[in-house]
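Structure at a glance
In case you want the letters, here they are:
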Amino acid sequence: MRLLAAALLAAALPQSDDAVLRREAERLIAAYPDQLVAYRDGMIVWRDGTRMVFDDGKVKTHEEKLRHPDLEDQVSECYPKGPLAAPPGPGFEPGRVRYEPFFRKMYGGSSAEVRANLVRIRWAPSGEMLEVTRVNGVAEKLRAVGDALARDKAALPYVTASLGGTFNWRRIAGEDRLSAHSFGIAMDIDTRHSDYWRWQNSEKILPWRNRIPFAVVEAFEKAGFIWGGKWQRFDTMHFEYRPEVFCGE
């Protein structure tokens with residue numbers, strides 16, 4: 001009985017900062033098993049022996065995380081699977097924080113390096129050929145998403161025409177950060193049915209809007225892609241492969 005009581009007490013106590021960091025680091029490693037092997041001495045260890053600091057120890061606001069992130073910041077906010085119960089609240093943008101050196105090492109540090117890993121896949125809903133990275137199996141996973149959506153008549157109108165594209169080495173509009181499209185891990189679907197906070201000609205974050213049905217979102221989420229419609233600064237056409245931010249399921 002005393003052992004059981006001690007165990008229950010330990011479970012009820014707040015976790016230490018070290019325990020939280022380790023859990024987050026292990027989630028990152030589990031998301032990219034072909035690339036990452038361990039969390040050791042505060043560092044993420046890659047298969048080739050490269051080490052990256054996981055946490056810089058700084059307390060940051062959401063905006064500071066966007067501008068000056070580390071790997072811990074990248075996984076600090078959980079992306080929720082499933083339909084949204086309410087529009088995203090202030091600063092809720094899981095997956096928008098990206099530690100750029102991590103993505104440059106994984107997918108390529110320049111347009112030419114990323115291109116070396118691109119493959120062409122057929123997007124089944126429209127028959128269009130798309131360029132996507134083969135790293136982490138992203139191309140095959142996106143192909144599977146397209147195959148699933150091609151069988152869903154309700155979803156087809158949103159994924160057959162006016163596709164916004166996949167690979168494009170560029171900065172995010174209005175920012176000095178590389179877009180996820182730069183690494184061949186993102187796709188924009190039909191722009192005619194999409195809403196993007198910057199299209200409203202304002203730097204203010206205006207009320208959330210969305211016309212994309214959840215059936216489309218669900219097909220992407222099942223394959224490890226997050227949706228920009230779950231961000232306060234919404235981008236409802238945008239999906240990107242980010243399995244490390246799915247947590248708390």
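Look a little higher up for the structure.
Computed from a predicted model, the values in this text were never measured in an experiment.

So, how was this worked out
Every residue gets a number counted from 1 within its own chain, in the order that chain's sequence is written. In keeping with the predicted nature of the model, local features appear solely for residues at pLDDT of at least 70, side-chain atom pairs appear and are counted solely at 80 or more, and the whole-chain, interface and lining totals rest on all residues. The basis for every side-chain value is the complete set of non-hydrogen atoms in the structure, without hydrogens or water. Pairs were defined over the aromatic rings of Phe, Tyr and Trp, the Trp ring being its six-membered one, requiring ring centres within 6.5 Å. Orientation was assigned from the angle between planes: stacked under 30 degrees, edge-to-face over 60, tilted for the rest. Numbering goes from the N terminus for both helices and strands, where a helix is a DSSP run of H or I of at least four residues and a strand is a run of E of at least two. Categorising residues by exposure relies on relative accessible area from a 1.4 Å probe, with only protein chains included: less than 20% of the type maximum marks a residue as buried, more than 50% marks it as exposed, and the intermediate range marks it as partly exposed. The criterion for a charge sitting over a ring is simple: Lys NZ or Arg CZ within 6 Å of the ring centre, and within 35 degrees of the ring normal. Any two strands with at least two DSSP bridges between them are considered paired. An axis is simply a line fitted to the C-alpha atoms; with a helix, the fit covers only the stretch in contact. Between two such axes, the angle follows the N-to-C directions and lies from 0 to 180 degrees. Should any heavy atoms of two residues lie within 4.5 Å, those residues are counted as being in contact. Here the nonpolar core consists of buried residues drawn from Ala, Val, Leu, Ile, Met, Phe, Trp, Tyr and Cys, with membership extended through side-chain atoms lying within 4.5 Å. Any Lys or Arg side-chain nitrogen located within 4 Å of an Asp or Glu carboxyl oxygen qualifies as a salt bridge. Geometric relationships in this document are graded by angle, where less than 35 degrees denotes roughly parallel, more than 145 denotes roughly antiparallel, 65 to 115 denotes roughly perpendicular, and other angles denote oblique. Handedness of each helix crossing follows the sense of rotation of the near helix against the far helix: counterclockwise by less than a right angle gives left-handed, clockwise gives right-handed. Just so you know the grouping, Ala, Val, Leu, Ile, Met, Phe, Trp, Tyr, Cys and Pro go in nonpolar, Asp, Glu, Lys and Arg go in charged, and all remaining residues, Gly too, go in polar. Put plainly, a pocket is an open set of points on a 1 Å grid over the protein atoms alone with protein on both sides within 12 Å along at least five of seven lines, a cavity is a set where a 1.4 Å probe fits but cannot get out, and a lining residue has an atom within 4 Å of a point. Grid points are joined across faces, edges and corners, and a volume is the space filled by probe spheres set on the points.

Enumeration according to the criterion identifies 14 aromatic pairs in this entry. On the numbers, 5.0 Å between centres and 70 degrees between planes, the contact of Tyr 79 with Phe 246 is edge-to-face. Here Phe 246 lies in the segment after strand S8 (238–241) and Tyr 79 lies in the loop between helix H4 (71–74) and helix H5 (100–107), a separation of 167 residues in the sequence. For Phe 246, a relative accessible area of 9% gives the class buried. By the ring-pair criterion, three or more aromatic residues cluster together here, those being Tyr 32, Trp 46, Phe 102, Phe 103, Tyr 107, Trp 169 and Phe 183. The ring of Phe 246 carries Lys 81 above its face, with NZ or CZ at 5.3 Å from the centroid. Geometry around Trp 46 places Lys 105 over its ring, the cationic atom sitting 5.2 Å from the centre.

Within a sheet, adjacent strands bond to each other through the backbone by hydrogen bonds, running parallel or antiparallel. Read across the open sheet, the three strands follow the order S1-S2-S3; overall the sheet is antiparallel. If you trace the sheet from one side to the other, it starts and ends with strand S1 (36–40) and strand S3 (51–53), each paired once. Strand after strand, the sheet turns through a mean of 25 degrees between neighbouring axes, direction not considered. Inspection of the sheet shows S1 paired to strand S2 (residues 43–46) by four bridges, in the antiparallel sense. Paired with Ala 38 across the strands is Val 45, a residue of S2. Seen against the sheet, helix H2 (residues 17–31) touches S1 and S2 and runs at an angle of roughly 170 degrees to S1.

In this section: the nonpolar core. Ranked by size, the top nonpolar core spans 61 residues in total, and within it Ile 44, Phe 102, Tyr 107, Trp 123, Val 216 and Phe 220 carry the most contacts. Leaving out residues up to four positions away in the same chain, Val 216 has contacts with Leu 149, Ala 155, Tyr 158, Val 159, Ile 189 and Phe 239.

Oppositely charged side chains can pair when the atoms bearing their charge come close. Under the definition given, this model contains 20 salt bridges. Here Glu 93 makes a salt bridge to Arg 96, at a shortest N to O gap of 2.9 Å. Of the charged contacts, one joins Asp 190 and Arg 192 as a salt bridge, the two residues approaching to 2.8 Å between their closest N and O atoms. In this structure Asp 190 comes out as buried when scored by relative accessible area, which is 0%. Salt bridges here are not isolated pairs; linked through shared partners, they connect Glu 63, Glu 93, Arg 96, Glu 175, Arg 177 and Arg 233.

Relative to each other, helix H7 (residues 138–150) and helix H8 (residues 214–222) sit at 150 degrees, their axes nearing to 9 Å. In terms of axis orientation, H7 runs roughly antiparallel to H8. The way H7 lies across H8 gives a crossing that is right-handed. Residues Leu 142, Val 145 and Leu 149 of H7 touch H8, and the partners they reach there are Ala 215, Val 216, Ala 219 and Phe 220. Considering only residue class, the contact of H7 with H8 consists of seven nonpolar, no polar and no charged.

The next subject is the layout of surface pockets. It is the rolling of a water-molecule-sized probe over the atoms that shows where space remains empty. Volume-wise, the largest pocket comes out at about 300 Å³. Taken together, 21 residues make up the lining of the largest pocket; nearest its centre are Arg 170, Ile 172, Tyr 196, Asp 235 and His 238. Class assignment for the residues of the lining of the largest pocket results in eight nonpolar, four polar and nine charged. Approximately 260 Å³ is the volume attributed to the second largest pocket. Together, 16 residues line the second largest pocket, and Leu 66, Arg 67, Glu 175, Asp 176 and Arg 177 are the ones closest to its centre.

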